[in-house]
Amino acid sequence: MRILHLAVLVLVSQWALASEPPKLTTINITMTLKVADKEAVFDELVQMNAQQGGYFSVRSDQRLSLRTPRTAIPQLKAQAERLGTLASYSQASEFRGFEASKLAQKIKAKEQIVARYFDIMEKSETTQGILAVEQEIIDLTAQIEQERFRLQQIQDSTALAQVDIYLQFRDRSAPRQQTDSPFPWLNEVNLIDLLEDFR
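Since we're looking at a predicted model, the values are computed, not measured.

### Considering the confidence of the model for the protein
Here comes step 1: Residues of the protein with pLDDT of at least 70 account for 73%, and the chain-wide mean is 80.
Here comes step 2: Across the protein, strand β3 (residues 63–69) holds the top mean pLDDT of 94, while helix α1 (residues 2–16) sits lowest at 45.

Now the structure itself:
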């Protein structure tokens, strides 16, 4: 009984440290990059992101998904623009502070109930009563652990930005040289003006 009491008190003290979660916002970035060498670009972006404290979660022929610290987003974008042509870029955010606050309030309320149950259990005079209260404590502790896990998930998902980079092949072959037409009259025609007339 005393071991259970001490174990729950330790958990309660740990949860109390996070009872006031910070304002949390997820950041999702999607960009399309035109490059000549996809593998080389992927390697450089993964290495640069790792140096900043991030990691990659998906890597395929066309897509690279990174988890990037917020402070490293400008550097990552600048690196991407240096390695290729940025065809598109979008950023979206979602505030999850309210959800985190609700979970923290639930945890705090259940902690208080657990504390009251311990008082009741200590005053109970029957084994049946002690066992009933003990079961309630166990059930509440399990609920608190689940809600604490969900709160941790929110904190983890907002600690790093989600960056999805899609690569397109950029042809670097030399442009075709213009040659004279075998039809002399066509060589005297301004093709640009002619095309404009047909638009």
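What follows continues from the structure just given.
### Here we look at the nonpolar core
Here comes step 1: L45, V163 and I165 are the most contacted members of the largest nonpolar core, which totals 20 residues.
Here comes step 2: Only β1 (25–35), α2 (38–51), β3, α3 (73–83) and β5 (160–169) provide two or more residues apiece to this core.
Here comes step 3: Apart from the residues lying within four places of it in its own chain, the contact partners of L45 are L64, L76, Q79, A80, L83 and I165.
Here comes step 4: Counting 13 residues, the second largest nonpolar core, distinct from the first, contains I107, V114, I137 and I144.

### Structural notes on the packing of helix α4 (residues 97–123) against helix α5 (residues 127–159)
Here comes step 1: α5 packs onto α4 with a crossing angle of 160° between their chain directions and a minimal axis gap of 9 Å. With respect to α5, the element α4 is oriented roughly antiparallel. Here α4 and α5 pass one another in a crossing that is left-handed.

### Examining the sheet that holds strand β2 (residues 55–59)
Here comes step 1: As summarised here, the arrangement of the five strands in space is β2-β3-β5-β1-β4, forming an open sheet in which the pairing is mixed. Each edge of the sheet is formed by a strand with only one pairing partner; in this case those strands are β2 and β4 (85–95). Shown here is a sheet whose adjacent strand axes are inclined to one another by a mean of 20°, direction ignored.
Here comes step 2: Looking at chain direction, β1 and β5 are connected through eight bridges and run parallel. Note that in β5 the partner of I29 across the bridge is V163.

### A look at the pairing of β3
Here comes step 1: Most of β3 is tucked away: six of the seven residues are buried.
Here comes step 2: Counted between consecutive antiparallel strands, the loop separating β2 from β3 contains three residues.
Here comes step 3: Where β3 meets β5, seven bridges bridge the pair, whose relative direction is antiparallel. Along β5, the bridge assignment pairs L66 with V163.

### Here we look at the pattern of salt bridges
Here comes step 1: As enumerated under the stated definition, the model contains six salt bridges in all.
Here comes step 2: Two residues, D43 and R59, come together in a salt bridge whose shortest N-O distance is 2.7 Å. With D43 in helix α2 and R59 in strand β2, this residue pair connects regions lying 16 residues apart in the sequence.
Here comes step 3: Its relative accessible area of 41% is what places D43 among the partly exposed residues.
Here comes step 4: The salt bridge partner of R63 is D164, with a shortest N-O separation of 3.5 Å. Taken together, the positions of R63 in strand β3 and D164 in strand β5 put the pair 101 residues apart, joining distant regions of the chain.

### So, the packing of aromatic side chains
Here comes step 1: As enumerated under the stated definition, the model contains one aromatic pair in all.
Here comes step 2: Between F95 and F98 the ring centres are 5.0 Å apart and the planes differ by 90°, which places this aromatic pair in the edge-to-face class.
Here comes step 3: A relative accessible area of 40% means that F95 is categorised as partly exposed.
Here comes step 4: Of the residues examined, F98 reaches a relative accessible area of 65% and is grouped as exposed.
Here comes step 5: Sitting over the face of the ring of Y89, K77 holds its NZ or CZ atom 4.1 Å from the ring centroid.

### Some remarks on the packing of α2 against α3
Here comes step 1: Where α2 contacts α3, the axes come no closer than 11 Å and their chain directions differ by 160°. Considered as vectors, α2 and α3 are oriented roughly antiparallel to each other. Where α2 crosses over α3, the two elements pack in a sense that is right-handed. On α3, the residues touching V41, E44, L45 and M48 of α2 are Q75, L76, Q79, A80, R82 and L83.

Conventions adopted
- Residues numbered from 1 in each chain as written.
- Predicted model: local features only at pLDDT ≥ 70, side-chain atom pairs only at ≥ 80, totals over all residues.
- Heavy atoms only, no water.
- pLDDT = per-residue confidence, 0-100.
- Helix = DSSP H or I, 4+ residues; strand = E, 2+ residues; numbered from the N terminus.
- Core = buried A, V, L, I, M, F, W, Y, C linked by side-chain atoms within 4.5 Å.
- Buried < 20%, exposed > 50% of the residue type's maximum accessible area, 1.4 Å probe, protein only.
- Contact = heavy atoms within 4.5 Å.
- Axes fitted to C-alpha atoms, helices over the stretch in contact; angles between N-to-C directions.
- Parallel < 35°, antiparallel > 145°, perpendicular 65-115°, else oblique.
- Left-handed = near helix turned anticlockwise from the far one by under 90°.
- Pairing = 2+ DSSP bridges.
- Salt bridge = Lys/Arg side-chain N within 4 Å of Asp/Glu carboxyl O.
- Phe/Tyr/Trp six-rings, centres within 6.5 Å; stacked < 30°, edge-to-face > 60°.
- Lys NZ or Arg CZ within 6 Å of the ring centre and 35° of its normal.

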